[in-house]
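Descriptive structure summary
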Amino acid sequence: MKTLKLLSILLIATLASCSSVRVNADYDKKATFVNYKTYAYLKSGIDKAEISDLDKKRILYSIDEIMTKKGFSKSENPDVLISIFTKERERVDVYNNMGFGWGWNPYWGMGMGYTNVTTTPEGTLFIDLIDAKTKELVWQGEGSGYLTKNTEKKDARIMEFVSKILEQYPPK
């Protein structure tokens, strides 16, 4: 019974860790964020992101939606330039499970365990805000979490990444 509870807790913890986006942000302490009201994309930065053009569009549409909610507007003469950067890696999880009961030896107790290895694609999205006048980075948000290949779920997953990252802006 305890083994069943332990496995249930492990499964819940695994699912919970897969669904969340871990975020972090850093910023220039001397920047005056209240002065930033307009934005544009830094084309050279967007072009360098090593993801599909469709995923780039999904990220940019999500950024547009969140920035509009924050009171920003797009401009030909912006206060900040937005750039993105992405990284992808395989997350490897190894679970060692020990069983109890009668085994191949004449002793009651701990039997042979088994190991379960799973891999999950995990991505990191960086969103950079660059002061358009000084061309200096003033804010950087980062979000990491599992990726999905399911095209039906990509829009929602990318929006989750972008919204959680931009929750950190402006710094408090």
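In this report, the structure presented in the accompanying data block is examined. (Residues numbered from 1 in each chain as written. Predicted model: local features only at pLDDT ≥ 70, side-chain atom pairs only at ≥ 80, totals over all residues. Heavy atoms only, no water.)

Attention shifts here to the overall build of the protein chain. Within the protein chain one finds four helices and eight strands. Moving toward the C terminus, one meets the helices and strands of the protein chain in the order α-β-β-α-α-β-β-β-β-β-β-α. Residues classed as buried in the protein chain amount to 35% of the 172 residues present. Taking the contacts inside the protein chain whose residues are at least 6 apart along the sequence as the reference set, 71% of them involve residues at least 24 apart. Counting only carbon and sulfur atoms, one obtains 58% of the accessible surface of the protein chain, whose full area is about 11600 Å². (Helix = DSSP H or I, 4+ residues; strand = E, 2+ residues; numbered from the N terminus. Buried < 20%, exposed > 50% of the residue type's maximum accessible area, 1.4 Å probe, protein only. Contact = heavy atoms within 4.5 Å. Areas by Shrake-Rupley, 256 points an atom, 1.4 Å probe, with all protein chains shown as cover.)

The subject of this paragraph is helix α3 (residues 53-69). Look at α3: 24 Å from first C-alpha to last across 17 residues, which is about the 24 Å you get at 1.5 Å a residue. Of all the residues in α3, the buried ones are Asp-55, Lys-56, Arg-58, Ile-59, Leu-60, Ser-62, Ile-63, Asp-64, Ile-66 and Met-67. Two residues or fewer past α3, Gly-71 is found with a positive phi of approximately 95°. (Expected span 1.5 Å × (residues − 1).)

A full pass over the atoms with the stated rule returns eight aromatic pairs. Residues Phe-33 and Tyr-169 carry aromatic rings whose centres are separated by 5.6 Å and whose planes lie at 80° to one another, so their mutual orientation is edge-to-face. Highlighted residues: Phe-33 in the loop between β1 (22-27) and β2 (38-41) and Tyr-169 in the segment after α4 (151-166), separated in sequence by 136 residues. Taken as a pair, Phe-33 and Tyr-169 share a single burial class, namely buried. Between Trp-139 and Tyr-169, the aromatic rings sit 5.4 Å apart at their centres with planes inclined by 80°, giving edge-to-face as the arrangement. Here Trp-139, found in strand β8 (residues 137-146), pairs with Tyr-169, found in the segment after α4; they are 30 residues apart in sequence, far enough to count as distant. Tyr-169 carries the same exposure label as Trp-139, and that label is buried. Aromatic rings pair up to connect Tyr-27, Phe-33, Tyr-36, Tyr-39, Tyr-41, Phe-72, Trp-139 and Tyr-169 into one cluster. Sitting over the ring of Tyr-27, Lys-29 keeps its end group 4.5 Å from the ring centre. (Phe/Tyr/Trp six-rings, centres within 6.5 Å; stacked < 30°, edge-to-face > 60°. Lys NZ or Arg CZ within 6 Å of the ring centre and 35° of its normal.)

A few words now on the pattern of salt bridges. Within the structure shown, the criterion is met by nine salt bridges. A salt bridge links Asp-53 to Lys-56; its shortest N-O distance comes to 3.9 Å. Separated by three residues within a single helix, Asp-53 and Lys-56 lie in helix α3, roughly one turn from each other. Residue Lys-56 is classed as buried on the basis of its relative accessible area of 9%. In this structure, Arg-58 and Asp-155 form a salt bridge, with 2.9 Å as the shortest nitrogen-oxygen distance. With a gap of 97 residues between them, Arg-58 in helix α3 and Asp-155 in helix α4 connect regions that are remote in the sequence. Here Asp-155 falls in the partly exposed class, since its relative accessible area comes to 48%. Members of the salt-bridge network, linked through shared partners, are Asp-55, Arg-58, Lys-154 and Asp-155. (Salt bridge = Lys/Arg side-chain N within 4 Å of Asp/Glu carboxyl O.)

It is worth stressing that arrangement in space is one thing and function is another; only the former is reported here.
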